[in-house]
Amino acid sequence: VKIAVIGAPGVGKSALTVRFLTKRYIGEYDHHSENRYRHEAVVDNEPVLFEILDTCPKADEDEEQVTNQTEAVQWADGLLLVYSITDRRSFNYIRRTRANLQTDSPPVVLVGNKVDMIHGRQISTEEGEILAKDFECKFSEVSAAEHVGQVADTFHDLCREVLAARRKSKQSLLDRMLGGTRVYSRGKSDSALPKD
Ligand SMILES: Nc1nc2c(ncn2[C@@H]2O[C@H](COP(=O)(O)OP(=O)(O)OP(=O)(O)O)[C@@H](O)[C@H]2O)c(=O)[nH]1
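Model, not experiment: these values are computed from the prediction.

1. Observations concerning the overall build of the protein
Right, so step 1: The helix and strand inventory of the protein stands at five helices and six strands.
Right, so step 2: Shown N-terminal to C-terminal, the secondary structure of the protein runs as helices and strands in the order β-α-β-β-α-β-α-β-α-β-α.
Right, so step 3: Counting only residues that meet the buried cut, the protein has 34% of its 196 residues in that class.
Right, so step 4: Long-range contacts, defined as pairs at least 24 residues apart, comprise 72% of the intrachain contacts of the protein with a sequence gap of at least 6.

Here you go:
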């Protein structure tokens, strides 16, 4: 299951990713390019091989610039859309990113990070919920700094969405294939009919 972690600079994409991979919190994670990781985990009693792309948007990206994550989106099976509850601009960044996605884009999960920074909150939980409703996706608020289980849950939730979408597209492919063939109901066989 290939997951791209997407969000504005500094929202905690790397902190969340590393928390999921290692269960540890690394406060200062210095990197200037995107990183890709492989990680095995068990989701709903099934082993899953995650490939995680920790994207790295340009720090000087213009706020109004339409965010372009085409490569990551094309590569991914699912998108973890992350904003920081302490940063209104990061919330708007996610709005623009989502608006920019095609209708057939992969499943998404919305995450508000840094929930431990209570006093710096700029985005209410309700706003996050409303945005998630708009996106028709799951939503959670977490803290990469303080939560282990909840961070893993967000990745697992996205994994479930991806697997459900796969099942759905397999089913619709089957339906389309079977749609071309006629289905005969069982009736009396010829041999049971009168000879003449
Ligand atoms: N208080 C708090 N700080 C956090 C949390 N998650 C990340 N941070 C801090 O936020 C800063 C940015 O975190 P990163 O994980 O580097 O963010 P990023 O989104 O990967 O940043 P870029 O790679 O620049 O796009 C760091 O100083 C982290 O320590 C959190 O849950 N709570």
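2. Observations concerning the site of the ligand
Right, so step 1: Every one of the 20 residues lining the ligand counts as a neighbour, but Gly-12, Lys-13, Ser-14, Ala-15 and Ala-145 are closest to it.
Right, so step 2: Of the residues forming the shell around the ligand, the biggest block, three residues, is contributed by helix α1 (residues 13-22).

3. As for the pairing of strand β2 (residues 35-43)
Right, so step 1: Here β2 pairs with strand β3 (residues 46-54) via nine bridges, running antiparallel. Residue pairing in the sheet places Arg-36 in a bridge with Leu-53 of β3.

4. Considerations on the confidence of the model for the protein
Right, so step 1: Averaged over the protein, the pLDDT score is 88; the fraction of residues at 70 or greater is 86%.
Right, so step 2: The ipTM value of the predicted complex is 0.99, and its pTM value is 0.87.

5. Some points on the sheet that holds β3
Two orientations exist for strands paired in a sheet by backbone hydrogen bonds: parallel and antiparallel.
Right, so step 1: Strand order in the open sheet made by the six strands is β2-β3-β1-β4-β5-β6, with mixed pairing throughout. In the strand order of this sheet, the two ends are held by β2 and β6 (138-141), each with one partner. Taking the axes of each pair of neighbouring strands and ignoring which way they run, one obtains an average angle of 25 degrees across the sheet.
Right, so step 2: Where helix α3 (residues 88-99) meets the sheet, it contacts β1 (2-7) and β4 (78-84), and its direction lies at approximately 155 degrees from that of β4.

6. Concerning the environment of Tyr-83
Right, so step 1: With respect to the helices and strands, the residue Tyr-83 is situated in strand β4.
Right, so step 2: Along the chain, Tyr-83 and Lys-114 lie 31 residues apart, while their C-alpha atoms are 8.8 Å from each other.
Right, so step 3: Sequence-distant contacts of Tyr-83, that is, excluding residues within four places in its chain, are made with Gly-7, Ala-8, Val-11, Ser-90, Phe-91, Tyr-93, Ile-94, Gly-112 and Ile-123.

Procedures and definitions
Residues numbered from 1 in each chain as written. Predicted model: local features only at pLDDT ≥ 70, side-chain atom pairs only at ≥ 80, totals over all residues. Helix = DSSP H or I, 4+ residues; strand = E, 2+ residues; numbered from the N terminus. Buried ≥ 20, exposed ≤ 12 C-beta atoms within 10 Å, placed from the backbone. Contact = placed C-beta atoms within 7 Å. Near = placed C-beta within 6 Å. Pairing = 2+ DSSP bridges. pLDDT = per-residue confidence, 0-100. Axes fitted to C-alpha atoms, helices over the stretch in contact; angles between N-to-C directions.

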